[in-house]
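Here is what each chain is made of, one letter per residue.
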Amino acid sequence: MLAKLYTFALLGIEAVPVEVEVDVSPGAIPKTILVGLPEAAVRESTHRVERAMVNSGFIRPQDKVVINLAPADLPKNAASFDLAITLGILTASGQLAADKLAQYAVVGELALDGTTRTTKGALSMAIAAASLNGLRGILVPEANAAEAAVVDAVEVIAISSLAQAVGFLSGQLEIEPTPPRLDEWFKQYAQYDVDFSDVRGQEMAKRAVVIAAAGRHNLLMIGPPGSGKTMLAKRMPTILPVLGAAESIETTRIYSVLGKLEPGQPLLATRPYRSPHHTISDPGLVGGGSPPGPGEISLAHNGVLFLDELPEFNRRTLEVLRQPLEDGNVTISRALGTTTFPAEFMLIAALNPCPCGYRNDPRRECHCSVPQIEKYMNKISGPLVDRIDIHIEVPAVPFKDLAAEGPPGTTSAMMREQVVSARRRQQARFASTRTRQNGQMTHRQIREHCKLDTPCMNMLKATMTELGLSARAHDKILRVARTIADLDDSDAIKTHHLSEAINYRMLDRQLWT
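Residues numbered from 1 in each chain as written. Predicted model: local features only at pLDDT ≥ 70, side-chain atom pairs only at ≥ 80, totals over all residues. Heavy atoms only, no water.

Draft legend 1. Up close: the overall build of the chain. Of the regular secondary structure elements, the chain holds 22 helices and 18 strands. The principal-axis extent of the C-alpha atoms belonging to the chain is close to 90 × 50 × 45 Å. Looking at the chain residue by residue over its 513 residues, the buried ones come to 53%. Residue pairs at least 24 apart in sequence account for 75% of intrachain contacts in the chain once pairs closer than 6 positions are excluded. Accessible surface computed for the chain: about 22800 Å², of which carbon and sulfur atoms make up 51%. (Helix = DSSP H or I, 4+ residues; strand = E, 2+ residues; numbered from the N terminus. Buried < 20%, exposed > 50% of the residue type's maximum accessible area, 1.4 Å probe, protein only. Contact = heavy atoms within 4.5 Å. Areas by Shrake-Rupley, 256 points an atom, 1.4 Å probe, with all protein chains shown as cover.)

Printed below as a string of structure tokens:
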């Protein structure tokens, strides 16, 4: 007897439909054959499936069982096929008369006692199920039901055991679909534990942070140890606009595929903040492996990627950031195929002004020679620095600002208000294009929206000549100037807007070498 049902395999962050075909036929010796390019985790499922059936009160077929996972040329490398294979065997052996089997896709790993275990990528699988014609819903482990229920176009049935799945598909047990509760989840999880009011002093740095957030510009901070660079970076997500439902689903899919969602939290409601260690490898940063998986830049999608101690990173590792910074995605090519991951993130980097960290600090003496400083700074390539819009100095904070009776710091709420106001102007400006923020403007859009009067043109020309700026740095200055004008609620870029934008190109002046 032949049984057919649908499940899904993960390819990158996408879920690909897989048809499970199970044929049980008389044989002299009981034998189970699994075909369809299964990897180790799937090949081992036959042993889990057999014990889960027996321990759930069903009979293991004493016949020849052939299980085919189609398409045959797609590698299958997860334990989420267990439940689908088991239900196929029960149907093909006549133990389950499942009228609903053709209407529901099935995913889930089984324990030896027949209970279900969590599976990675449940959200992507629910999205894929919603796009398949003829499917009414999807059966998922109970622990993944809330995550999959984010997709309201498909019924999500929470299954806690093999026996419960059999009862539902045979019509003996009614299980209500898990309802989506997006509003409730956003209200519960859209809270940050940090605030910019914690950062004393550094009001000039906060101004640069607001500009970076308003136009989604990349930011580089230079300063001695303990000046607050990491504190500023950690609080950047708190002033970005609230994460929208579509952005949340995009980002949640990446975390779901990697199994990085917090237990009990089905959806990301805050913007991600990632801060990898400087020993990270190329695949760890941009993605890779076999099959390819997303890296840190994809985990920071719609959020912030913070690289602390930038010169300590491997130079080759930093160079692979150049293409994602321009394109907003990263493509991983392997012999078996090509996978593209989203990577629209704000890059924030921090570094010390010299190897010891105290150059130009009035309170500490620096013992670094000029060749040492040049060697240290040259670890960062010019093309990468070119792609960072804003370079600022973050000096040490004086005691009067740190003292308890010192002035309170600007709060995240006050800074977010400015950012949201500037973003509204950008939304209206780019309503008919794919561009969303000033930091993403194309060269043609820069010429259209960043027109300069004669004094501004002369100032920019002098700056280009004096500093020897590249064409990319020229465009970066204009993008930042446009954002500063938006924060000032000005339609035109004025000289003080352009002057401030030029001042944010610190590394172009070689002040540290």
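Anyway, onward from the coordinates.
Draft legend 2. Quick peek at the pattern of salt bridges. Within this structure, the stated rule accounts for 26 salt bridges. Of the charged contacts, one joins E247 and R271 as a salt bridge, the two residues approaching to 3.0 Å between their closest N and O atoms. Taken together, the positions of E247 in helix α10 (residues 245-257) and R271 in the loop between α10 and β11 (273-274) put the pair 24 residues apart, joining distant regions of the chain. Residue R472 is joined to D386 by a salt bridge in which the shortest nitrogen-to-oxygen separation is 3.9 Å. With a gap of 86 residues between them, R472 in helix α21 (residues 471-487) and D386 in helix α16 (residues 382-386) connect regions that are remote in the sequence. The class of D386 is buried, set by a relative accessible area of 13%. (Salt bridge = Lys/Arg side-chain N within 4 Å of Asp/Glu carboxyl O.)

Draft legend 3. Looking closely at the packing of aromatic side chains. As enumerated under the stated definition, the model contains two aromatic pairs in all. Ring centres of Y104 and F168 lie 5.3 Å apart, and the angle between their planes is 80°; this geometry places the pair in the edge-to-face category. Placement of the pair is Y104 in strand β5 (residues 104-106) and F168 in helix α6 (residues 162-169), with a sequence separation of 64 residues. Judged by its relative accessible area of 2%, Y104 falls in the buried class. The class for F168 is buried, based on a relative accessible area of 2%. When the ring of Y273 is compared with that of F306, the centres are 6.3 Å apart and the planes differ by 25°; the resulting orientation is stacked. One end of the pair, Y273, is in strand β11; the other, F306, is in strand β14 (residues 304-307), and 33 residues separate them in sequence. According to the relative accessible area criterion, Y273 is partly exposed, its value standing at 24%. (Phe/Tyr/Trp six-rings, centres within 6.5 Å; stacked < 30°, edge-to-face > 60°.)

Draft legend 4. Fine view of unusual backbone geometry. For the bond from A70 to P71, the omega torsion is 5°, close enough to zero to count as cis. The residue P71 is located in the loop between β4 (64-70) and α3 (82-92) in this model. Of note, the phi angle at R216 is positive, near 55°, even though the residue is not glycine. Structurally, R216 can be placed in the loop between α8 (203-215) and β10 (219-222).

Draft legend 5. Layout of the sheet that holds β11. Pairing in this open sheet of five strands is parallel, and the strands run β11-β14-β17-β10-β18 from one edge to the other. Looking at strand neighbours, the two that pair on one side only are β11 and β18 (390-393), the edges of this open sheet. Where α8 meets the sheet, it contacts β10, β17 (346-351) and β18, and its direction lies at approximately 165° from that of β18. (Pairing = 2+ DSSP bridges. Axes fitted to C-alpha atoms, helices over the stretch in contact; angles between N-to-C directions.)

Draft legend 6. Inspection of the packing of helix α18 (residues 412-429) against α21 at higher detail. Where α18 meets α21, the closest approach of the two axes is 8 Å, and the angle between their N-to-C directions is 115°. Between α18 and α21, the interaxial angle falls into the category roughly perpendicular. The two elements α18 and α21 meet at a crossing, and its hand is right-handed. Residue-level contacts link Q418, A422, R425, Q426 and R429 of α18 to R482, D486 and L487 of α21. Looking at the contact of α18 with α21 residue by residue, the class counts come to two nonpolar, two polar and four charged. (Parallel < 35°, antiparallel > 145°, perpendicular 65-115°, else oblique. Left-handed = near helix turned anticlockwise from the far one by under 90°. Nonpolar A, V, L, I, M, F, W, Y, C, P; charged D, E, K, R; others polar.)

Draft legend 7. The arrangement of the layout of surface pockets in detail. By volume, the largest pocket is sized at about 670 Å³. Together, 24 residues line the largest pocket, and R216, E326, D327, G328 and Q440 are the ones closest to its centre. Counting residues per element, the ones that place at least two in the lining of the largest pocket are α14 (322-327) and α21. Along the lines of polarity and charge, the residues of the lining of the largest pocket split into five nonpolar, seven polar and 12 charged. (1 Å grid on protein atoms, 1.4 Å probe; cavity = no way out; pocket = protein on both sides within 12 Å on 5 of 7 lines; lining within 4 Å. Points joined across faces, edges and corners; volume = space filled by probe spheres on them.)

Draft legend 8. Layout of the nonpolar core. With 65 residues, the main nonpolar core has F8, I138, I297, L321 and F345 as its most contacted residues. When residues of this core are assigned to their parent elements, the largest contribution, five residues, is made by helix α4 (residues 122-131). Ignoring any residue separated from it by four or fewer positions in sequence, one finds I297 in contact with L285, V286, L305, L321, P324, V330, A343 and F345. Counting 46 residues, the second-largest nonpolar core is a separate cluster that includes A208, L232, M346 and V419. (Core = buried A, V, L, I, M, F, W, Y, C linked by side-chain atoms within 4.5 Å.)

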